[in-house]
Amino acid sequence: MSHSGAFNPFDMARSQFDKIAESIGLDAGTRELLRSPMREYHFSIPVRMDDGQFKVFKGFRCQHNDARGPCKGGIRFHPQETVDTVRALSMWMTWKCAVVDIPLGGGKGGVICDPHNLSPREQEQICRGFVRQIAYDVGPVTDVPAPDVMTNGQHMLWMMDEYETIHRGRYPGWITGKPVGMGGSLGRTQATGYGAVYTLREALKGLKIDPKNTTGSVQGFGNVAQYCIELYHKLGGKVISVACWDQHDKASYAFRKKDGVDLGQLRSITDRFGGIDKVKAKEAGYEILPGDTWIEQDVDILFPAAMENQITGESVKKIGKKVKVVVEGANGPSTPEADAVLHERKIFLIPDFLCNAGGVTCSYFEQVQCNMNYFWDEAEVLSKLDHKMTSAFHAVRELAEKKKLYMRDAAYHIAIDRVASACRQRGWI
Ligand code: GLU
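In what follows, the accompanying structure is described. As the structure is a prediction and not an experimental result, all values here were calculated from the model. (Residues numbered from 1 in each chain as written. Predicted model: local features only at pLDDT ≥ 70, side-chain atom pairs only at ≥ 80, totals over all residues. Heavy atoms only, no water.)

Section: the sheet that holds strand E8 (residues 251-256)
As summarised here, the arrangement of the seven strands in space is E9-E8-E7-E6-E10-E11-E12, forming an open sheet in which the pairing is mixed. Two strands in the sheet have a free side with no partner beyond their single neighbour: strand E9 (287-290) and strand E12 (348-350). Strand-to-strand twist across the sheet, computed as the mean angle between neighbouring axes with direction ignored, equals 20°. Here four bridges tie E8 to E9, and the two strands are oriented antiparallel to one another. Counterpart to Ala254 in the pairing with E9 is Leu289. Contacting strand E6 (215-219), strand E7 (238-246) and strand E10 (301-304), helix H7 (residues 223-234) runs over the sheet at an angle of about 175° to E7. (Pairing = 2+ DSSP bridges. Helix = DSSP H or I, 4+ residues; strand = E, 2+ residues; numbered from the N terminus. Axes fitted to C-alpha atoms, helices over the stretch in contact; angles between N-to-C directions. Contact = heavy atoms within 4.5 Å.)

A word on the pairing of E10
Residues Ile301 and Phe303 of E10 are buried on one face, and the alternating residues Leu302 and Pro304, pointing to the opposite face, are buried as well. The pairing of E6 with E10 spans four bridges and is parallel. Within the sheet, the bridge partner assigned to Val218 lies in E10 and is Phe303. Examined bridge by bridge, E10 and strand E11 (residues 325-327) share two bridges and lie parallel to one another. Bridge pairing in E11 links Ile301 to Val325. (Buried < 20%, exposed > 50% of the residue type's maximum accessible area, 1.4 Å probe, protein only.)

What to know about the sheet that holds strand E1 (residues 39-48)
In spatial order, the strands read E1-E2-E4-E3-E5; together these five strands make up an open sheet with mixed pairing. Each having just a single partner strand, E1 and strand E5 (143-147) make up the two edges of the open sheet. Taken pair by pair, the neighbouring strands of this sheet meet at an average axis angle of 25°, ignoring direction.

Considerations on the side chain of Ser90
By secondary structure assignment, the location of Ser90 is in helix H3 (residues 83-99). On the basis of relative accessibility, which here comes to 0%, the residue Ser90 falls in the buried class. What Ser90 contacts, discounting residues up to four positions off in sequence, is Pro37, Cys62, His64, Gly106, Gly107 and Lys108.

Structural notes on the side chain of Arg61
Topologically, Arg61 is positioned in strand E2 (residues 54-65). Taking the relative accessible area as the measure of exposure, Arg61 reaches 0% and is therefore buried. Side-chain polar atoms of Arg61 contact the side chain of Asp143, separated by 2.7 Å. (Polar contact = N/O pair within 3.5 Å; in protein donor to acceptor, adjacent residues only side chain to side chain.)

As for the site of the ligand
Lining the immediate environment of the ligand, one finds 14 residues, of which Lys72, Lys96, Pro147, Asp148 and Ser363 sit closest. Between the ligand and the protein, one listed contact pairs a nitrogen atom with a backbone N or O atom of Pro147 at 2.9 Å. For the ligand, whose accessible area on its own is 290 Å², the fraction buried by protein is 94%. For the shell around the ligand, the elements supplying multiple residues, two or more each, are strand E3 (71-78), H3, E5 and helix H12 (358-372). Class assignment of the residues belonging to the shell around the ligand gives a composition of four nonpolar, five polar and five charged. (Near = heavy atom within 4 Å. Areas by Shrake-Rupley, 256 points an atom, 1.4 Å probe, with all protein chains shown as cover. Nonpolar A, V, L, I, M, F, W, Y, C, P; charged D, E, K, R; others polar.)

Description of the environment of Cys244
Following the sequence through the fold, Cys244 ends up in strand E7. A relative accessible area of 3% places Cys244 in the buried class. When the C-alpha atoms of Cys244 and Thr30 are compared, they prove to be 40 Å apart, with 214 residues separating the residues in sequence.

Here's the deal with the pattern of salt bridges
Taken as a whole and assessed by the stated rule, the structure comprises 34 salt bridges. Glu81 is the salt-bridge partner of Arg76, the closest N and O atoms lying 2.9 Å from each other. Residue Glu81 is classed as buried on the basis of its relative accessible area, which comes to 3%. Between Arg408 and Asp352 there is a salt bridge; the shortest N-O distance is 3.4 Å. Residue Arg408 is found in helix H14 (residues 407-425), and its partner Asp352 is found in helix H11 (residues 352-355); the two are separated by 56 residues along the sequence. Judged by its relative accessible area of 2%, Asp352 falls in the buried class. A single network of salt bridges, built from pairs that share partners, joins Glu124, Arg128, Arg132, Asp161 and Glu162. (Salt bridge = Lys/Arg side-chain N within 4 Å of Asp/Glu carboxyl O.)

Regarding the layout of surface pockets
Approximately 380 Å³ is the volume found for the second largest pocket. Lining the second largest pocket are 16 residues, with Phe348, Ala400, Leu405, Tyr406 and Met407 sitting closest to its centre. Looking at the lining of the second largest pocket, the elements with two or more residues in it are helix H6 (188-207), helix H10 (336-344), E12 and helix H13 (378-403). Residue composition of the lining of the second largest pocket, grouped by class: 10 nonpolar, two polar and four charged. (1 Å grid on protein atoms, 1.4 Å probe; cavity = no way out; pocket = protein on both sides within 12 Å on 5 of 7 lines; lining within 4 Å. Points joined across faces, edges and corners; volume = space filled by probe spheres on them.)

This is how it looks when you write it as structure tokens:
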């Protein structure tokens, strides 16, 4: 699940954008504005490590566009982080917030580091150091971070504390994905995975497929993947294979049980980064296969819910004959070459920035609740989330049907149109 050498997510995000900009006849000025982040910050974060040595970590924050509202998006901790990945992800955040029609723009941050090898204290220092570098360039009405790959509620809380210390006040609406009870929203942890399955439920209805008669294969076993599986199982579906990264072997494996994986049991043998214990899984009767076999499984539904660049021009050829739906829980999992094949094979795609928008939608609810200082119960949060995701899904699907568009292209049409129109109404272009 690592990046292959030549892959550049920013090139990919731009090529997706250019294609739609061309087809909707977007003017040259707007194209230029939307092809790059409006602002970006590169900085060094010095940290005294537990052994007393100083180490300097490289951090980025990209603010792609804030015409529709403050920039919004996660901060990732990843050893292979690059500024181009963060640029691409910030751009996808702009489209994500626009397609679900929440009043936020797009941003993303990243730190080149591997939390597997960092103590909690060292991670706290990176979080606080990150905020010290950008505390005056972000804020509740300018740029609002959240968790992402290998960051969680605790990281957000350390960041919030640092921000509030610098600004001498309480600003819980500045950062989302905080722990419940510390300004977090109930349902936020489940939101991305559940949101993806709300869209899957609607897609299956349209395809006249009963979820109870379907099986799935999942790539990833982090937060997004786990809650995808949880809700998909509640709908009656059966996941037969889960692939994840093994930090010890520096390789990924697929854990397969043909009569269905037991989510609770897998969770009980998984570390906090979504790595499943191979020995214990074997004892529990799982077949252990190479990680890239997740895509070849004889299933109806594929859930890429890990990293970008996983369904490529090459790997797409291995997708089994039975596959009918691809549910993109991850950001940027499929390349344009793979898209061409999925489209041609008439596999129904729920594109990433629509499919995984549940997380940011719930972040928006978290901000709203923080602003009111009044918190909803979980059922209320999830029902609002379901409503938002379901209506966004239907708007995209209706446009796709009406104009005979691939689902990703239809989602882009709606999102780009909303963002371009906000830029125009503000008189920017
Ligand atoms: N990191 C998540 C995403 O990629 C959530 C962002 C947010 O809540 O702001 O959508």
